[in-house]
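Chain and residue survey
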Amino acid sequence: MNKDVTQLLKCLNTHKHLYGILLEKCEEKRRVIIANDINKLEELLAEEQDLIKRIEAVEGLRIKYSQEAAARLGLKKDASHDEIMARDKEAAAAFGNVSTEIKALLTRLKDLNGVNNALIQKRLIYIEDIKSSFFDDRGSNYGSDGKDSGVKIQNLNLFDRMV
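Presented here is an overview of the structure given in this document. Model, not experiment: these values are computed from the prediction.

A word on the overall build of the chain. Helix and strand counts for the chain stand at four helices and zero strands. Reading the helices (α) and strands (β) of the chain from amino to carboxyl end gives α-α-α-α. Buried positions account for 28% of the 163 residues belonging to the chain. If you take every contact in the chain between residues at least 6 apart in sequence, the share linking residues at least 24 apart comes to 62%.

Turning our attention to the nonpolar core. Counting residues in hydrophobic clusters, the biggest one holds 27 residues, and the most contacted among them are Val5, Leu9, Leu12, Tyr19, Ile84 and Met85. For this core, the secondary-structure elements that each account for two or more residues are helix H1 (3–35), helix H2 (38–72), helix H3 (81–87) and helix H4 (89–134). Here the element with the most residues in this core is H1; it accounts for 10 residues. Not counting chain neighbours up to four residues away, the residues in contact with Ile84 comprise Val5, Leu8, Ser66, Ala69, Ala70, Leu73, Leu75 and Ala79.

The next point concerns the environment of Asn13. You can see Asn13 is positioned in helix H1. According to the relative accessible area criterion, Asn13 is partly exposed, its value standing at 37%. Between the alpha carbons of Asn13 and Ser99 there is a distance of 9.0 Å; along the sequence they are 86 residues apart.

Scoring rules and cut-offs
The residue count restarts for each chain, going from 1 along the sequence in the order it is written. Local features in this predicted model are restricted to residues whose pLDDT is 70 or higher, and side-chain atom pairs enter the listing and the counts only when it is 80 or higher, whereas totals over whole chains, interfaces and linings include all residues. Side-chain numbers here rest on the full set of heavy atoms in the structure, without hydrogens or water. Secondary structure elements are taken from DSSP: a helix is a run of H or I of four residues or more, a strand is a run of E of two residues or more, and numbering for both begins at the N terminus. For the exposure calls, accessible area comes from a 1.4 Å probe over protein chains only, and a residue counts as buried if that area is under 20% of its type's maximum, exposed if over 50%, partly exposed in between. Note on contacts: a residue pair qualifies if any of its non-hydrogen atoms lie within 4.5 Å across the two residues. Grouping buried Ala, Val, Leu, Ile, Met, Phe, Trp, Tyr and Cys residues that are joined through side-chain atoms within 4.5 Å yields what is termed a nonpolar core.

This is the structure in structure tokens:
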């Protein structure tokens, strides 16, 4: 197996490993959001940022090794992994496995991030509802023509009382 292809496969396996860790952090983030532990959520977000930086560094190496392998095999500099692996049959099976695993991890990450975003949105709506029940949140009394409609808006909130 070509040295550059071996390095490329190592990079892909490192990607897979880092995406696995990121998935674990994402699952933990879901539990933390549900538990409403803001301090732990901030910790997890910082850890995620560090992981993303590591993934970006590995991505730079992956691109470098991919270009070197393509050049060594007589392919265009921007050849796809499939084109590179087609020239190195020994690496093709390993590449297929790791590629499938990375795709599955990324799909799961995308799904979990969607769930986490939905949970956060629900929390924000809840907070807005609580806030508006405590404070006077008057709507606009302007008509469609942009002028004062003359309608008196009376909103009651938690602190309103009869005098």
